[in-house]
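So the chains spell out like this:
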Amino acid sequence: MKICIIGSGYVGLVSGSCFSELGNNVICVDVNKEKINNLNKGLMPIYEPGLEELIKRNYKQGRLKFSFDISSSIKKSDIIFICVGTPINKKTNQANLRYVNNVANIIKNNLNKYKVIVTKSTVPVTTGDKIEKIINIKKNKNKFDVISNPEFLREGEAIRDFFYPDRVVIGTNSKKPNTIMKNLYLPIIKKKSRYFHTSRKSAELIKYASNGFLATKITFINEIANLCEKSNIDIKEIATGMGLDERIGDRFLRAGPGYGGSCFPKDTKALVTTANKFKTNLSIVKSVIKSNESRYKFLIARINKIMSNKLNNKKICFLGVTFKAGTDDMRESPSLKIIPYLIRKGCKVRYYDPSGPKSNFKNNNIKYCPSTKDACVGADLLIVHTEWNEFKQLNFKTLVKKKIFSIFDLRNLYSPLKMKKSSLNYFSIGR
Ligand code: UDX
Ligand code: UDX
């Protein structure tokens, strides 16, 4: 099929390249000309394992193209995926739909034949209705259908999540687009992964409700971890014991520094705002937001305790600064709150991140190091901030080359017992 992806970001680029891998002809479009020019030169705008090879292979075979000519790309395509950003408006906590509306207007002017218009970006419930109004369903009757096909891609695992989804959710009340989408997804709908056809508004809400629940699950285990720290219990034992109950499941029960990223923080707030519009109080999601936003204060209190409140001039090394492993995405990363605090307290911060240096930190007391070794040497405190594989078996003594230093493992990568046996000053989460 002929597909146009509008918005070549983390979601658009992965979806577009995966659809081309399935044999479709895909044009990925973006307003950011530099991004498109770089992609045409084979330069990747984001870090996503396996993406570069996928893009290069399909680009070479002519199935995957990059363009900033949105009109002609729409005209050539039968299915238009809207994957532009839906950033949260900090004041109103509403998902900002200006990009989505802007794209809908452009599509309206390029309906040269029947098209399926798909919202893949996470959009508030009833956005599909609004897009329909913009494209003027009366004037352009039978020339288009607007459907919802929310993405459930985790950064760092996005390609796997695309090809092996638990479910593909298609939201539409019309038969024609549903048939087209079922054909499009046929190669990846196996017995295991379900093709779930529902109404457009249900599909829109499934996305928010899923992210809201996952954020709740993570926040729940993080709060239980706080209790474990006070009662000398190991949170990993609790998570294992809980996860063996199939009704709970063992995934998304890893205690850590709190959730970040471009989705959970934004989507939980947008869900609450949508509910408010329908005069419904989502008290649980509200408390999840509050709990997660203040989690960094717990971590800072722990750091002060580990360092006996002596932070001035201390050398602190961060292993990883992004919101999770497997990505270069800094959006809502816990490090964006912890590092500035440490700088204000007079610390010297160094960090190494496998996805490279970050432009977020503009301060001469924060230094990017090109390796774990350079970042760790001489540190007073090592903070394991993300769970990259290369941080899982470090010989801290050889790396730090200092008698006295501490480790604060925010991802519980190491065993407290083993660390004690090697007489390392080791601290972690919920243990
Ligand atoms: C985005 C939304 O943020 C997320 O909520 C949704 O689930 C999927 O789409 P992401 O891909 O991470 O997620 O966004 P981002 O990385 O910001 O990419 C959006 C792309 O759209 C950017 O490359 C931006 O340049 C492009 N864009 C934005 C357009 O092409 N046109 C516009 O009008 C606005
Ligand atoms: C999430 C959803 O998983 C995905 O379905 C949706 O499409 C987009 O948002 P993403 O944000 O990319 O994906 O990563 P995810 O792996 O879900 O992690 C989100 C945050 O939760 C990260 O900060 C991560 O560190 C944290 N997390 C996740 C935990 O702290 N513990 C866990 O057990 C799992």
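The rules behind each value
- Residues numbered from 1 in each chain as written.
- Chains lettered and ligands numbered in written order.
- Predicted model: local features only at pLDDT ≥ 70, side-chain atom pairs only at ≥ 80, totals over all residues.
- Heavy atoms only, no water.
- Near = heavy atom within 4 Å.
- Polar contact = N/O pair within 3.5 Å; in protein donor to acceptor, adjacent residues only side chain to side chain.
- Areas by Shrake-Rupley, 256 points an atom, 1.4 Å probe, with all protein chains shown as cover.
- 1 Å grid on protein atoms, 1.4 Å probe; cavity = no way out; pocket = protein on both sides within 12 Å on 5 of 7 lines; lining within 4 Å.
- Sits in = over half its atoms within 2 Å of the grid points.
- Helix = DSSP H or I, 4+ residues; strand = E, 2+ residues; numbered from the N terminus.
- Buried < 20%, exposed > 50% of the residue type's maximum accessible area, 1.4 Å probe, protein only.
- Nonpolar A, V, L, I, M, F, W, Y, C, P; charged D, E, K, R; others polar.
- Arc of directions from axis to C-beta.
- Contact = heavy atoms within 4.5 Å.

(A) Representation of the site of ligand 1 in the model. Contacts to ligand 1 come from 21 residues, most closely from Asp-30, Lys-35, Thr-122, Glu-151 and Lys-266. Between ligand 1 and Arg-331 there is a distance of 2.8 Å, counted from an oxygen atom to a side-chain nitrogen or oxygen. Look at ligand 1: alone it shows 680 Å² of surface, and the protein chains cover 88% of it. In a pocket analysis with a 2 Å cut-off to the grid points, ligand 1 is assigned to the second largest pocket.

(B) View of unusual backbone geometry. Residue Thr-126 is not a glycine yet carries a positive backbone phi of 85°. Mapped onto the elements, Thr-126 comes out in the loop between strand S7 (115-119) and helix H6 (127-135). Backbone geometry places Asn-309, a non-glycine residue, at a positive phi of 60°. The exposed category is assigned to Asn-309, whose relative accessible area is 61%.

(C) Spotlight on the site of ligand 2. Taken together, 19 residues are adjacent to ligand 2, and Glu-155, Lys-207, Gly-260, Lys-324 and Arg-411 come closest. A distance of 3.1 Å separates an oxygen atom of ligand 2 from a polar backbone atom of Leu-153. In the environment of ligand 2, an oxygen atom lies 2.9 Å from a nitrogen or oxygen atom belonging to the side chain of Lys-324. Summarising the interface, the protein chains cover 96% of the accessible area of ligand 2, which totals 650 Å² for the free molecule. Sort the elements by how many residues they give to the shell around ligand 2 and helix H9 (residues 200-231) lands first, with 3 residues. Looking at the shell around ligand 2 residue by residue, the classes come out as 9 nonpolar, 3 polar and 7 charged.

(D) Quick look at helix H3 (residues 51-60). Looking only at H3, the buried set comprises Leu-51, Leu-54, Ile-55 and Asn-58. On an axial view of H3, the arc spanned by its buried residues comes to 95°, and they lie on one face. Projecting away from the buried face of H3 at angles above 90 degrees are the exposed residues Glu-53 and Lys-60. Each element contacted by the buried residues of H3 is listed here: helix H1 (10-21), helix H2 (33-40), strand S3 (64-67) and helix H7 (158-163).

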